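A closer look at the structure
Here's the letter readout for the chains.
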Amino acid sequence: MSLLVVGLSHRSAPVSVLERASLAADTQAKLLQDTLAAEPATEAAVLATCNRIELYADVDKFHAGVAELSTLLAQHSGVGLEELTPYLYVHYEDRAVHHLFSVACGLDSMVVGEGQILGQIKDALARGQELHTAGRLLNDLFQQALRVGKRAHSETGIDRAGQSLVSFGLQQLAAGADPALWAGGKRALVIGAGSMSSLAAATLARTGVAEIVVANRTRARADRLVEILRQGDDTAVRARAVEMSAVGDELTRADIVVSCTGSTGLVLTADALADALGVTLDAAPEAPAVTAVAPAPDDVDQHAAWVENGSAASAAHAGPSTPRRVTVPAQSTGPVRLALLDLAMPRDIDGAAHRIAGVRLVDIESLADASADAPMAADVDRVRTIVSDEVAAFGAAQRAAHVAPTVVALRTMAADVVAGEIARLDGRLPDLDEKQRAEITQTVRRVVDKLLHAPTVRVKQLASEPGGAGYADALRELFDLDPQTVAAVSRADLNDPNRGRS
């Protein structure tokens, strides 16, 4: 079995496609269940964030696995396979491990170095464990990815290379001013009470806003977030919770709005925003659009025509592509009365809000364009070295783990042979006293252990090297080991309640 990831992200697809392909929580669960039901996959996990959707699986056939995972992503995202295919990328085996470790370190984030992705990877692992779709490989992979990400943040200055998406968004709203000076004393409305909204509320509180109002469909979650804000030792912000029905009224008093919900439709329409500001949308002049050049993805493994007349085709590796031109609506001119930060995918705030006088809107798409010019820290190179080292170590550990059940099965078989021979000796020499019998038993065991020591140690060493997985097969063949015995050892190890705890 081998690790395969098929996905799309802000590096390979425009925001409009990512927005349409976003997966709700229940859809992610169904995707995982359907992936396991598909023939090529035995494990599955999905990493779905505001700027990436990736399906990880342990598959026994590469081309069939790519075709099946691509089809499943298309079916559950609602974007047709033909339309989705050009934006998909594929990573396999060590490349897949390298990709996830890079993601965990923030190297593949829209804002390089942001740490929110670690929580999202943790959630993806928890979902796979809860639904029993993550087995030995994906449990090991995601747990190690979390450790690698934490190591990168603790051993390097990758945090200085970028900020959280929230901090970066507030920086864009401040338009070059110090966010703390810009936000100080303002009133903020946070729509949503999930992890991203909670981070936004905490960031706003530290930035120095005077008041935070939290609106959420589930009032209890909004109340909990408000309580957390009130108990913060490093802030003195006023905080209160309101029902979603009160958002319209709160807009008339807010200076900053941050929205990140799981809604599939718009939460704030342009008309609602215009009403809150007391202007007429139709009368607001439409600012001219500007065209910016967005950077091309760095060495992206583009998804090729995997399914051709019903059969899987070969992969094509695409080199650096030409920059894509992105049309970004210009913001209205004049003083900003309402600053909007939309961190949702699909978007919460109507893109037409840029036409309203006095409104500044920053969303995922504009953040992607702005982050392209963010300076890269020298620590990024150190993180890349950490990732490369950890990928090699993970591969060696996985290969060694692959041979371990075979070694255990071999030693179990040897112990059974010793026990059988001692029992036969008892029948032939019934007059042996207990001391003599114990000495003979110990001697036979020592002989067997010495004979097995060198080959079992050596096979573990060889198995940890690239291409070493075949040594386990050779060991099973040479000693005629029962495959069912080896499988039983693997299952026992996987079901160990203490396995994988960190």
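What counts, and at which threshold
Residues numbered from 1 in each chain as written. Predicted model: local features only at pLDDT ≥ 70, side-chain atom pairs only at ≥ 80, totals over all residues. Heavy atoms only, no water. Buried < 20%, exposed > 50% of the residue type's maximum accessible area, 1.4 Å probe, protein only. Helix = DSSP H or I, 4+ residues; strand = E, 2+ residues; numbered from the N terminus. Salt bridge = Lys/Arg side-chain N within 4 Å of Asp/Glu carboxyl O.

With 8 of its 11 residues buried, helix H5 (residues 94-104) lies for the most part within the structure. For H5, the set of buried residues is Ala96, Val97, His99, Leu100, Phe101, Ser102, Val103 and Ala104.

Moving on, we come to the pattern of salt bridges. Tallying each qualifying case throughout the model produces 20 salt bridges. In this structure, Glu155 engages Arg151 in a salt bridge whose closest nitrogen and oxygen atoms are separated by 3.0 Å. Remark: Arg151 and Glu155 occur in helix H7 (residues 136-155); sequence separation between them is 4 residues, near one turn of the helix. Under the relative-accessibility criterion, Arg151 is labelled partly exposed at 27%. In this structure, Asp426 engages Arg437 in a salt bridge whose closest nitrogen and oxygen atoms are separated by 2.8 Å. Taken as a pair, Asp426 in helix H16 (residues 379-428) and Arg437 in helix H17 (residues 434-463) lie far apart in primary sequence, 11 residues in all. We classify Asp426 as partly exposed; its relative accessible area is 26%. One network of salt bridges, in which partners are shared, links Arg187, Glu211, Arg240, Glu250 and Arg253.

Turning to the pairing of strand E1 (residues 2-9), a few remarks are in order. By the criterion of burial, E1 is predominantly enclosed, with 8 of the 8 residues buried. In E1, alternate side chains face the same way, and those of Ser2, Leu4, Val6 and Leu8 on one face and Leu3, Val5, Gly7 and Ser9 on the other are all buried.

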